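Reading the structure
So the chains spell out like this:
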Amino acid sequence: MNSLEKRTILITEGGKTSGIPALSQKWVESRKFLLFLPPTVISNGIDLKEWCEITQFIKNDLHWLLKLPHHKFWSQTIYDKSLHSSLVSFLQEAPRFYSEEKNILKASPPAWNLFKETQKLVFLTFIRMATHKESKDSYISPEVFGQLIYDNFIFDVPKMMDLSILFGPTNSVLLSKMFKNIFANQPQYKFDLEETAKGLTKVFQLVLGELGLDSSQAAGSVNCGSLSAEEIDELVTYMLDISATLWYFVDIYTEATSILIKANIQNQLADFYEKGIPYLCRQVEIMPQNVKQKMTRNLNSARKFLLQIYNALLHYGSIRLLLSQSNEDGSWDREEPVELWLDWLTCLVSERQRHFLIDYNLIFQVQDDIDLIAQLGIQMDSTRVEYVKAGLKEFRVEFGLSLTPASLRASDGGVDPVKMNGLILQVKELLPDLQENFIQVCLKHYDFNPEAVINAVLEDNLPPHLNESHSIPDTQPIPEVFVGFEEPTDISKKTRTKTVHFNEMREVLNDKQDMKSLILDRVDEQLAAEYEDEYDDTYDGHAVGSEEPDAHNGEEEFRRSFVVPRVLRPKMEEESDDEEDFHQPEEKPKDHFVTNPEELRALAEQRRLSRRGNYRPGPTPSQRNVVGGPRGQGQEKETIVARRHKTENKTRGANHNRRSMADRKRREF
């Protein structure tokens, strides 16, 4: 049998037979579908009986519609506008799973049962509308089906989102098949979804505008004025409706995540969370007690849905892709999903999305993703991974949250006594004046986080009940050094040179007399204690190599006079020098505050002469004897030294080739 759009049905009217297309207004019956009324109208002028009558009419009409043959059902669906209005009113006004409007209906069991039956018929109606083939004889070609549902607005993206929030918690499997069939037969819906994603980003901005927070303000940093309890309740409910609707739609139709990512909705979502949630939390805290519980529950639900949406978007292009492709060949690029994961997390850290990242890590552990990627055998950029870990740890410290691994915590909420002593030692190492009982109380208050305790003490930011009963020492704040991510500190590995002696330093700082000498002595002692290598410093006090003319300052330099090597001295002179060294030890020059000017001038003259040549105390250059005695009778040592000096310094004056020519002459003869 032909498809529905090509089929013709023969009818006989007045004895005349004619063919009518299967899709024709001829098959439409005149029937007025009523609009669904929300349960809130029951307490606003319409009694429960009247509401039940209207809902019963809707139920009967839908029951009649579902019993129609294939061609009449689709003709009624396409040409009856009241049917669409009735279905849209139910999607918009039906109470959601979080709404308290259900309590109005649950108070009357007949009304509640009537609503549940009507809701089921609405769902079955949309299921049939999304099915292009009911049997081998009743079907519509996929191309015509996609055109019919799109041109006649039978389905659109807002309707699919409303279906997700109404029926997603209980019928996600059927909805998933429905949405896949709709998007597969009409790709135009994907373009509509892109526009919807852009609209959602504007919705987040509008909510921030209602709160008085724009994109340039920090989270809750500006008091945007007081809002009434009704306004806060409406904003919280509106945010819950948006987040829950978007989450169920993404969860049911996972292919939508790629379209939402292209619209950059993840960054807008994180920014909205970072700026709006802290402000709403503070506003809810000051609400009256009769509405505070409800608003807190709705706000926490909205926070959870927003975090789940971000996680679904993040995992769709990274973790889920890696898991789905793990069993295939290695021809595809496995680094790209990992880079996407790192890009998103590093972006959160660099933009300091503190509230969002901390809450996200509470539900979806970042370390779990890192471990999973490592188990798949994929190398991650260690620098960026550590950057994410350090940023997360820094944010937790700023808010005073625990950095202690879950494995350290006992089942009763405390820690093991041995590990408690280790935590107390970490605090006492930097704050030795605190009592152990006081440190233990502080650790319990700060969830056994030693870093948070140290910060609170140094910043004088302890809670009143801790600050009143204990005196805190007056210590200077010390910049905190973060250790590895969730790694316990090993106290036994700390060296003595890294220990800060606060008592000694405080005494030194309080004593203002002769501060300079005390500091210098202290530095010398520390350097001597830390000097443990085997470096040979025998010649550290001697000048080695040529020196520039301006290498020294005359008034600060005391050079050791040149000493003739022992092998070049005369024998008697050597013995006499040894005796002098043995019997008359050299006395150190006195350290005068002001050096004698005559000595300074003499030293300057010696340096000037040394720069002109290899200066040695002794005979002047004019007194050097280079002639010596007759040949064959030997020469004196002074003559040999003078000749060597003349040979080595031939190039200092004019005719710089004399030395090289003399060497050449010596080689030839």
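Quick note: structure is the one above.
In this report, we go over the structure that sits alongside the text. (Residues numbered from 1 in each chain as written. Predicted model: local features only at pLDDT ≥ 70, side-chain atom pairs only at ≥ 80, totals over all residues. Heavy atoms only, no water.)

Examining the packing of aromatic side chains
- Summed over all chains, the structure comprises 25 aromatic pairs.
- When the centroid spacing of 6.0 Å and the interplanar angle of 25° are considered together, the rings of Phe90 and Phe115 count as stacked. Taken together, the residues span a long stretch of sequence, with Phe90 in helix H3 (residues 81–93) and Phe115 in helix H5 (residues 109–129) at a distance of 25 residues.
- Residue classification places Phe90 among the buried positions, given a relative accessible area of 1%.
- Exposure remark for Phe115: the relative accessible area of 1% places this residue in the buried category.
- Ring pairing ties together the aromatic residues Tyr150, Phe179, Phe183, Tyr189, Phe249 and Tyr253, which thus form one cluster.
- A cation sits over an aromatic face here: Lys106 above Trp112, 5.2 Å from the ring centre.
- Over the ring of Phe73 we find Arg128, and its NZ or CZ is 4.1 Å from the ring centre. (Phe/Tyr/Trp six-rings, centres within 6.5 Å; stacked < 30°, edge-to-face > 60°. Helix = DSSP H or I, 4+ residues; strand = E, 2+ residues; numbered from the N terminus. Buried < 20%, exposed > 50% of the residue type's maximum accessible area, 1.4 Å probe, protein only. Lys NZ or Arg CZ within 6 Å of the ring centre and 35° of its normal.)

Brief notes about the packing of helix H16 (residues 354–363) against helix H18 (residues 382–398)
- One way to put it is that H16 packs onto H18 with a least axis distance of 10 Å and a crossing angle of 105°. It follows from the interaxial angle that H16 and H18 lie roughly perpendicular. Contacts from Arg354, Leu357, Ile358, Asn361 and Leu362 in H16 reach Leu392, Phe395, Arg396 and Glu398 in H18. (Axes fitted to C-alpha atoms, helices over the stretch in contact; angles between N-to-C directions. Parallel < 35°, antiparallel > 145°, perpendicular 65-115°, else oblique. Contact = heavy atoms within 4.5 Å.)

Points about helix H6 (residues 142–151)
- Considered for burial, the residues of H6 that qualify are Phe145, Gly146, Leu148 and Ile149. For H6, the angular spread of the buried residues around the axis is 165°, confining them to a single face.
- One or two steps after H6, the chain reaches Phe153, where phi turns positive at roughly 55°. (Arc of directions from axis to C-beta.)

Looking at a negative patch on the surface
- Taken together, the side chains of Glu210, Glu230, Glu231 and Glu234 make up a negatively charged region of the molecular surface.
- Top element by residues in the negative patch is helix H10 (residues 229–252). It accounts for three residues.
- Along the chain, Glu231 turns up in helix H10. (Patch = residues over 30% accessible without salt bridge, like charges linked within 9 Å, V, L, I, M, F, W, Y side chains within 5 Å. Areas by Shrake-Rupley, 256 points an atom, 1.4 Å probe, with all protein chains shown as cover. Salt bridge = Lys/Arg side-chain N within 4 Å of Asp/Glu carboxyl O. Lys, Arg positive; Asp, Glu negative; His and termini not counted. Charge placed at Lys NZ, Arg CZ, Asp CG, Glu CD.)

Let's talk about helix H17 (residues 366–375)
- The complete set of buried residues in H17 reads Val366, Asp369, Ile370 and Ile373. Mapping the buried residues of H17 onto a view down its axis gives an arc of 100°, with all of them on the same face.
- Two residues or fewer past H17, Gly377 is found with a positive phi of approximately 80°.

Details of the pairing of strand E2 (residues 16–21)
- Pairing geometry for strand E1 (residues 8–13) and E2, over six bridges, is antiparallel. Bridge pairing in E2 places Glu13 opposite Lys16.
- Where E1 folds back on E2, the antiparallel hairpin that results is connected by two residues, among which Gly14 adopts a positive phi of roughly 65°. (Pairing = 2+ DSSP bridges.)

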